[in-house]
Amino acid sequence: MTEVRLEHITKIYDRSEVVAVDDVSLTLESGALTAILGPSGCGKSTILKMIAGLLSPDEGDIKFEGRSVLKMKPEQRSAVMMFQDHLLFPYMTVAENVGFGLKMQRQDKAQIQKNVAEIMERVQLQDLGARKPDELSGGQQQRVALARALVTRPKVLLLDEPLSNLDAHLRVEMRELIRHLQQDMKITTLFVTHDQEEAVVLADKIALVLDGHLEQFGPPSEFFERPKDKTVARFFGGRNFIEGMAEEGNFSSSLTTFTLPIRCPSGAGCLTFRPENVQIGRDPSAENSFSATIQTKTYLGTQTRLILRADETELEALVNPEAARNLEEGMEVSVHVPKRALWVLP
Amino acid sequence: MSGQGTFENRKGLSGIAWLSLALLITWLILPLLPLALWSVSRSWYFPDILPSDYGLQAWTYVFSDTAGVLKALLQTTIIALGTTVLAALIGVPAGRALGLYQFKGKAFFEILILAPIIVPGIAVVLGIHVVFLKTGLANNLAGVMIVHLIPALPYMVLVMAGVFANYNPLAEGQARSLGANPAQVFWYVTLPAILPGLLMGCFFTFLVSWSQYILTLVIGGGRVVTLPLLLFNFASAGRNDITGAIGILYVLPGIIVLLLAARHLSGRTAAGSLRQI
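Summary of the structure given here.

What counts, and at which threshold
- Residues numbered from 1 in each chain as written.
- Chains lettered and ligands numbered in written order.
- Predicted model: local features only at pLDDT ≥ 70, side-chain atom pairs only at ≥ 80, totals over all residues.
- Heavy atoms only, no water.
- Helix = DSSP H or I, 4+ residues; strand = E, 2+ residues; numbered from the N terminus.
- Buried < 20%, exposed > 50% of the residue type's maximum accessible area, 1.4 Å probe, protein only.
- Contact = heavy atoms within 4.5 Å.
- Areas by Shrake-Rupley, 256 points an atom, 1.4 Å probe, with all protein chains shown as cover.
- Lys, Arg positive; Asp, Glu negative; His and termini not counted.
- Charge placed at Lys NZ, Arg CZ, Asp CG, Glu CD.
- Pairing = 2+ DSSP bridges.
- Patch = residues over 30% accessible without salt bridge, like charges linked within 9 Å, V, L, I, M, F, W, Y side chains within 5 Å.
- Salt bridge = Lys/Arg side-chain N within 4 Å of Asp/Glu carboxyl O.
- Buried area = accessible area lost by both parts, 1.4 Å probe.
- Nonpolar A, V, L, I, M, F, W, Y, C, P; charged D, E, K, R; others polar.
- Axes fitted to C-alpha atoms, helices over the stretch in contact; angles between N-to-C directions.
- Parallel < 35°, antiparallel > 145°, perpendicular 65-115°, else oblique.
- Left-handed = near helix turned anticlockwise from the far one by under 90°.
- Phe/Tyr/Trp six-rings, centres within 6.5 Å; stacked < 30°, edge-to-face > 60°.
- Expected span 1.5 Å × (residues − 1).
- Core = buried A, V, L, I, M, F, W, Y, C linked by side-chain atoms within 4.5 Å.

What to know about the overall build of chain A
Next up, step 1: Counting its regular elements, chain A contains 10 helices and 20 strands.
Next up, step 2: Viewed in the frame of its principal axes, chain A has a C-alpha envelope of about 75 × 45 × 35 Å.
Next up, step 3: Here chain A holds 346 residues, and 51% of them are scored as buried.
Next up, step 4: Across chain A, the fraction of contacts at a sequence separation of at least 24, relative to all contacts at a separation of at least 6, is 67%.
Next up, step 5: When the accessible area of chain A is evaluated, it comes to approximately 16100 Å², of which 45% is carbon and sulfur surface.
Next up, step 6: Of the side chains in chain A, 40 bear a positive and 49 a negative charge, and the two mean positions are spaced by 7 Å.

Below, the structure written as structure tokens:
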């Protein structure tokens, strides 16, 4: 159980002079799985490598259990990385690969064998120990890499897009295995991904990083219900933004005056709500309702997407296909957004 | 190219294989025949196609204590091994720098490393000799090994640069984070990955050192006598039978290396497979 704290971490790459990581502060709770979410090339992997000790930050401090690890070498930190490419050692057998970390610690052979056998069983690879890595499937190789990372019982597990080379159903399987083992062994884990769904499903907390900046840090639901700004809202699929002014629990806009939930801030801003919280066909005079025209209607299977136009504002609604049965493009409808679904952005 | 295309080319390739085998025999094996014949001939004069009398006097002489051939063989081996070790110590880090990293003046360094292959050794060795005389490196084995690095090192560096161009250094980071210290990383991760290439580089270096004449002659100052030096002595003295016998000894490591290298060249290198995964 190790709490990892990043304090004002900054990393500038010499050659490009690009600020890869810009003043990031982050606390990884002990035993929790934190996801760093962001598009590729936003500095996510750089953060991971700095925690592992493969890179050193230009500014800031990294602390495990309150003690700085910046002076510690990678092999002393007990922070194991697992990469997108599994990076198994091709000239070693699967069992030798898994036992690598223990061998480096100079454990005796019998002990290594016992630990390797145990972890191999937990990743369901007990029969493949004698094979060479290139005789395994992609999913198996990734499980070997996971076993190799976990066998030393590291304080911190650092996963760098470990699922992105796998196909869809293997990805879900591997995701669940990682979550299961991580919770079972209570290892503080940092998981880097560009896949929003992966982060939401896996993580206890998400750190959204864009261009080296930490945009927002919190549990997954916060990113949907209370995004920090338009950028964050857009990243999580937010499409509905209405300009206006928030005052004393009301938001006045050209469409209508909305009644806000209590926690919303005041001032000029932008009203937002999730497409899936939009309701169609209620009484237009009711609270938080306005009229709009249906521009397009797209059947998505489990949901139907409506693109609505109200004044000059384009809005998106995701509704139950059954409820959308009678709706047609060009129709004028009444749009209602429940009070609890509203949120105001600066 | 598609897989099918390669299959269709199979027949053509085997024709090329036969041709190269024939060329290999013509260039490598046939020239050795007269050498072997000379070494066992007692008299062989124009216009005879074969020797008129055979005998083992050349071989007896070569293996006798007075000839100094065995001592020369030993010295040549020590020098070639020493040069190879030195070249590996310098060539592995240099090849890594050239193969893996981008840095200012890289193109210049690449040309500088190739320079000894382009500039003949005789052009620089006299100047080096003066320096070596002053520093005590002339007329001894160490000096000869160092001067052999001039023609040998480019081969080692170029081979290792090629190896490291196909090497994924992230594997080392992975090993570090799994708890390996830098020495363990080199022994368990880097070395196995570069070993096939490193062996090739060592073979080249060994052979280049083995075949040096001018550099050994000048820097060794007659104190360090290697096989090529003896070979030239006997050849210019007209002792074709002894020249033949020493010649056979002289080409032996080349043939052994060729056989060893053929095995490694045909196989996929470990560095390559680490990259491919």
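What about the overall build of chain B?
Next up, step 1: Counting its regular elements, chain B contains 14 helices and two strands.
Next up, step 2: In chain B, which comprises 277 residues, the share counted as buried stands at 40%.

A look at the sheet that holds strand β2 (residues 19-28) of chain A
Residues and elements named next belong to chain A.
Next up, step 1: Strand order in the open sheet formed by four strands is β2-β1-β4-β5, and the pairing between neighbours is antiparallel. Whereas interior strands pair on both sides, the edge strands pair on one side only; in this sheet they are β2 and β5 (67-68).
Next up, step 2: Judged from the two bridges that link them, strand β4 (residues 59-64) and β5 form a sheet pairing that is antiparallel. Looking at β5, one finds that F64 is bridged to R67.

A word on a negative patch on the surface
Next up, step 1: Negative charge collects at one region of the surface, where A:D14, A:D23, A:D58 and A:E59 lie side by side.
Next up, step 2: Locating A:D23 in the fold gives a position in strand β2.

What about the interface of chain A and chain B?
Next up, step 1: The interface is formed by 27 residues belonging to chain A together with 24 residues belonging to chain B.
Next up, step 2: Roughly 2200 Å² is buried in total at the junction of chain A and chain B, and carbon and sulfur atoms are behind 65% of that figure.
Next up, step 3: When the buried area of chain A at its contact with chain B is split by residue, A:E75, A:Y91 and A:M104 rank highest and sum to 27% of it.
Next up, step 4: The interface formed by chain A and chain B contains one salt bridge.
Next up, step 5: Between A:E75 and B:R176 there is a salt bridge whose closest N-O contact spans 2.6 Å.
Next up, step 6: Of all the secondary-structure elements, those providing two or more residues to the side of chain A that touches chain B are α2 (74-77), β6 (79-82), α4 (100-104) and α6 (138-150) of chain A.
Next up, step 7: Looking at the side of chain A that touches chain B, its residues break down into 16 nonpolar, three polar and eight charged.

Overview of the pairing of strand β10 (residues 213-218) of chain A
Residue and element names in this part refer to chain A.
Next up, step 1: Here strand β9 (residues 205-210) pairs with β10 via five bridges, running antiparallel. Along β10, the bridge assignment pairs L210 with H213.
Next up, step 2: The loop that links β9 with its antiparallel partner β10 comprises two residues; one of these, D211, has a positive phi angle of about 50 degrees.

As for the environment of A:I119
All names here are of chain A.
Next up, step 1: Of note, I119 is situated in helix α5 (residues 109-122).
Next up, step 2: A sequence separation of 29 residues divides I119 from R148, and the C-alpha atoms of the two residues are 8.4 Å apart.
Next up, step 3: Ignoring any residue separated from it by four or fewer positions in sequence, one finds I119 in contact with V98, A147, L150, V151 and M185.

Topic: the sheet that holds strand β16 (residues 289-299) of chain A
Residue and element names in this part refer to chain A.
Next up, step 1: Pairing is antiparallel in the open sheet, where five strands are placed in the order β15-β19-β16-β17-β18. Because the sheet does not close on itself, it has two edges, and the strands there are β15 (279-280) and β18 (313-319).
Next up, step 2: When strand β17 (residues 304-310) meets β18, the two strands line up antiparallel, connected through seven bridges. Counted as the bridge partner of R309 is E314 from β18.

Let's talk about the environment of A:L327
All names here are of chain A.
Next up, step 1: Position of L327 relative to the elements: it lies in the loop between β18 and β19 (332-336).
Next up, step 2: Given the relative accessible area of 10%, L327 is considered buried.
Next up, step 3: Spatially, the C-alpha atom of L327 lies 17 Å from that of N277, the residues being 50 residues apart in sequence.
Next up, step 4: Among all residues touching L327, those that are not within four sequence positions of it are I280, I294, K297, L306 and V333.

Observations concerning the packing of helix α6 (residues 106-118) of chain B against helix α8 (residues 141-165) of chain B
Residue and element names in this part refer to chain B.
Next up, step 1: The interhelical angle for the contact between α6 and α8, taken along N-to-C directions, is 135 degrees, at an axis separation of 8 Å. Considering the angle they form, α6 stands oblique to α8. In the crossing of α6 with α8, the sense of the turn from one axis to the other is left-handed. From α6, I113, L114, P116 and I117 reach across to α8, where they touch I150, P154, Y155, V157 and L158.
Next up, step 2: Here the residues of the contact of α6 with α8 sort into nine nonpolar, no polar and no charged.

Overview of the side chain of B:T83
Residue and element names in this part refer to chain B.
Next up, step 1: Its location among the elements puts T83 in helix α5 (residues 69-100).
Next up, step 2: Looking at T83, the relative accessible area reads 0%, which means it is buried.
Next up, step 3: Ignoring sequence-local partners within four residues, the contact set of T83 consists of M145, H148, L149, A152, T205 and S209.

Here we look at the packing of aromatic side chains
All names here are of chain A.
Next up, step 1: Counted under the stated rule, the structure contains 16 aromatic pairs over all chains.
Next up, step 2: The interplanar angle of 80 degrees and the centroid separation of 5.3 Å between the aromatic rings of F224 and F236 together place this pair among those described as edge-to-face. Taken together, the residues F224 in helix α9 (residues 220-225) and F236 in the loop between α10 (230-235) and β11 (241-247) connect sequence positions 12 residues apart.
Next up, step 3: For F224, a relative accessible area of 23% gives the class partly exposed.

Some thoughts on α6(A)
Two residues of an α-helix separated by three or four positions point the same way, owing to the 3.6 residues in each turn.
Next up, step 1: Over its 13 residues, α6(A) runs 19 Å from end to end, which matches the ideal 18 Å to within 8%, given 1.5 Å per residue.
Next up, step 2: Most of α6(A) is tucked away, with 11 of its 13 residues classed as buried.
Next up, step 3: Burial in α6(A) covers these residues: A:G139, A:Q141, A:Q142, A:R143, A:V144, A:A145, A:L146, A:A147, A:R148, A:A149 and A:L150.
Next up, step 4: Here the buried face of α6(A) lies against β6, α3 (94-98), α5, β7 (156-160) and α7 (168-185) of chain A together with α9 (170-177) of chain B.

Observations concerning the nonpolar core
Next up, step 1: In this structure, A:V98, A:F100, A:L146 and A:L158 are the most contacted members of the largest nonpolar core, which totals 100 residues.
Next up, step 2: Sort the elements by how many residues they give to this core and α8(B) lands first, with eight residues.
Next up, step 3: Residues A:A233, A:F251, A:C270 and A:A341 belong to the second largest nonpolar core, which totals 33 residues.

Everything listed here is a matter of geometry and, on its own, says nothing about what the molecule does.
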